Structure formats: C-alpha cells, structure tokens
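Descriptive analysis of the structure
Given next are the chains, with one letter for each unit.
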Amino acid sequence: MADHKNQHFVPRVLLRPFTKDAEDKSINLYNIRSDRLIPDAPVKGQCARHYWYGEDGQLELLLGKLEGMFGLARQRVVGGGNSDKDREETSLFMCMQLWRTANAAARLRHWIEQTNANSWGPEEPVPDDKKLVISAMRLAIKSRELLKDLKIRFVENHTSRDFIIADDPAVLLNRFATEKLGGSAFGVASSGLIFVMPMSPRLSVICYDGLVYSLDATNGRAILKSEVAIDAYNEIQCIAAEENIYFQRWKDGDYVRQRFAAVKHKRRPAATAYTFVPDGETENAEHYRLGTVEEGRAAKRSLVATRFNYPEPDRWIPGLRYRPKPTTFFNGTGMGHVRKREWLYRGREEPPPDQGEKMQIIRTGLRPNAWTRR
C-alpha cells in the first residue's frame, strides 16, 4: 500500500490555494517552535504522517472522496455559487477536518493524561496515535448531526491582506460561553458555537448559532473590506496552530510572525481537568466543590471533569453580533446551554421539559458547581 503511506491530516486540496501560484508544489510557512520563516517548502510533506489513518488505505480513500466533493464545492463558491449543496458539502468537510489533525489526536491524548493526573483511581491507558485518530474520527461522525443546525456563510476577502491557514484549520470558538457564561466549557451542541475555516487567501467560511448571533451579509455572503477584520480571522489560526502557519505570498512572512507574536499568550494546553470533592448532600443530590486529588483520596470518592480548550481570541469575528435576546435551552445540569431543547435529554427516558425551559439570556454569571444524582 505504498500509494497510501504519506497520509495528510490537512489535505492538499485545502492547502492548494495557499501554495505558490496555487500550483500545489511549494508553500511558505512560519514554524512556531523554531520561530523561522521557511520559503517554498514542498507541499507533499506538510501536515502528513506515515499511515496516519492506517495501513489498509480504506479510511484514506473515504476521506479522499470527501476532499474531492469539497474541492468541487469550493470551485463553485469561488465562481459565485451559494447553493444548499455547496454549504452542505463544505460544512461536512469542516466537521471531518476538525477531528482528523494531529492536534485533534493531541487533544484526546492530553484529555486522558489530565484525567489520570487528577484522579486517585486506576489510570486509563493512553492509546497510541493510530487509536487516537480512529477515536477522533468517530467523534467527527457523532458531531456531524449536532452541527447541521448552524448557519453557514461564505466570507469574501475584499482587502489587500490575505487569509492565512494553520495546520489545525477548522476551529471551534464560543464568544457566548466566554463572555456571557463566565468562560464555561462548551461542546458541539452548545449555544453560541462558532466554527471557522479558511478556504483560500480570498475566501473563508463561518458557521454560527443563529439563535445567539446575527451576521452582516449580502446575498448570503459576508464581505470584509477592513484589514482589521482579516487580522481577526488570521489570529484565530495563529492561536489554533500546532506547529506551522502557511501563507501564499513570501512578502507576508513578517506579518504572519507579528500576528502570531500578538496572540501567542492566548495559546493554552489542549485540555484541562478539574477534581471535584464531596460538599454535602440533599435529599435528591450529592453536591461537589472544586478540590484537590488529595481531598478526593481522603474522601474515597471524587469527580473529574475534563474540558477541551478552544481559542478565546482578544477580538472576535467582525460583524458577528449578539441578538438582542439570545435564545438557549437550559435545565440547570452539566449539559449547560444548548441550541435545541431535546438535546438536554439525549439518552434519557424522562419526558422533555415544558416550554418554560426555553430561556432568553441577556446576562449570566458563573453557576456554582453541583452534580445531581439521577
């Protein structure tokens, strides 16, 4: 299976418009670890590992078909297309891209390591990269249905400044969780979700929760005429990048380095774990507070909550504004605020709540940590 040995976690179809003269042969990059600008690096070795998806080539072949669909959709979008099919195929590609990178595998690995470090019980074995990739791709498939409700808009760059792209280009954010919910954890079902990915130096795509935000758009497209707006999109790539940031024009190298330097303080570990220890009981619930591993060991029981860390940029997406009365669904459990009421009860037998659980959120502070036994 030599043809499948070099497997890309950011496919060449996505990198191609960012290559020199869009010829898919060489690309300029900024390497974060060495703080070096590297011109004309061969594309075939970028964002790739040997047998990243396995040696039989089956998953690589399936992803290749998805990449082909995305490439055709992008061509139509560049030509002015804005059909439901173009949006559907682009959002599907984004969903798979989110979970197929080396960073996605690192998030899962770090999640397990952090859980082990914060638990006094038996450690969970850390899988090798191949198993982590398969687990991540399973998450991608599960995530797909929960992302279909997001509004999707193509973003046109009408400035002299290019979009750049990193080696983890499909990025989740949540301004609502950061600003209105005190920095609470979030997932793909959460209210306020934002999902962005560059498609070329002149084109990007954004998916967002239409119950929380509205976006300035013309004929279904967001038009950016300010270089400051392009900087905001590019800084998200800088925060999310693992090792490399790619750009088409060599003259933009100093700009890329400067943008990374401006936001590197926002980069965080892939995951964070918290230990909660007993803090009393009521008739129907056990209450827990934030504590230490040692306190959990002394109490002979504890809960470990682990969250993925996604970018929290200093400046958010230009033109994406809060609605006057953002709508979320919330019932006080660890599920948090979600975009659909039925998602609060996934996998449970109890009936859905009444319409009173639909909430209009304007300002919300941090909730105390409490876990309810059911």
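Up top you'll find the structure we're talking about.
Description of the structure in this document. (Residues numbered from 1 in each chain as written. Predicted model: local features only at pLDDT ≥ 70, side-chain atom pairs only at ≥ 80, totals over all residues. Heavy atoms only, no water.)

A separate point is the sheet that holds strand β6 (residues 165-166). Strand pairing in a sheet takes place through backbone hydrogen bonds and is either antiparallel or parallel in direction. Reading across the sheet, the four strands line up as β3-β2-β12-β6 and stay open at both edges, with antiparallel pairing between neighbours. A single partner strand is all that each edge strand has here, and the edge strands are β3 (36-42) and β6. Pairing between strand β2 (residues 26-31) and strand β12 (residues 244-247): four bridges, direction antiparallel. Each residue of the ladder has a partner; that of Asn 28, found in β12, is Phe 247. (Pairing = 2+ DSSP bridges. Helix = DSSP H or I, 4+ residues; strand = E, 2+ residues; numbered from the N terminus.)

The next thing to look at is the packing of helix α7 (residues 227-240) against helix α8 (residues 253-263). Two elements in contact, α7 and α8, have axes whose closest approach is 9 Å; the angle formed by their N-to-C orientations is 70 degrees. In terms of orientation, α7 lies roughly perpendicular with respect to α8. In contact with Asp 231, Asn 234, Glu 235, Cys 238 and Ile 239 of α7, α8 contributes Tyr 255, Arg 259, Phe 260 and Val 263. Split into classes, the residues belonging to the contact of α7 with α8 amount to five nonpolar, one polar and three charged. (Axes fitted to C-alpha atoms, helices over the stretch in contact; angles between N-to-C directions. Parallel < 35°, antiparallel > 145°, perpendicular 65-115°, else oblique. Contact = heavy atoms within 4.5 Å. Nonpolar A, V, L, I, M, F, W, Y, C, P; charged D, E, K, R; others polar.)

Overall, the coordinates contain 27 salt bridges when judged by the stated rule. The salt bridge partner of Arg 100 is Glu 67, with a shortest N-O separation of 2.9 Å. Note that Arg 100 is positioned in helix α3 (residues 84-100) and Glu 67 in helix α2 (residues 58-78), a separation of 33 residues in sequence. Its relative accessible area of 2% is what places Arg 100 among the buried residues. Taking relative accessible area as the criterion, Glu 67 reaches 17% and is therefore assigned buried. Here Arg 339 makes a salt bridge to Asp 149, at a shortest N to O gap of 2.8 Å. Of the two residues, Arg 339 is situated in the loop between β17 (327-329) and β18 (358-360) and Asp 149 in the loop between α5 (129-147) and β5 (151-157); the sequence distance between them amounts to 190 residues. (Salt bridge = Lys/Arg side-chain N within 4 Å of Asp/Glu carboxyl O. Buried < 20%, exposed > 50% of the residue type's maximum accessible area, 1.4 Å probe, protein only.)

Attention now goes to α7. Here α7 is 14 residues long and its end C-alpha atoms lie 20 Å apart, about the 20 Å a rise of 1.5 Å per residue gives. Most of α7 sits out of view: 12 of its 14 residues are buried. Residue Ser 226 occupies the N-cap position of α7, its side-chain oxygen lying 3.2 Å from the main-chain nitrogen of Val 228. (Expected span 1.5 Å × (residues − 1). Polar contact = N/O pair within 3.5 Å; in protein donor to acceptor, adjacent residues only side chain to side chain.)

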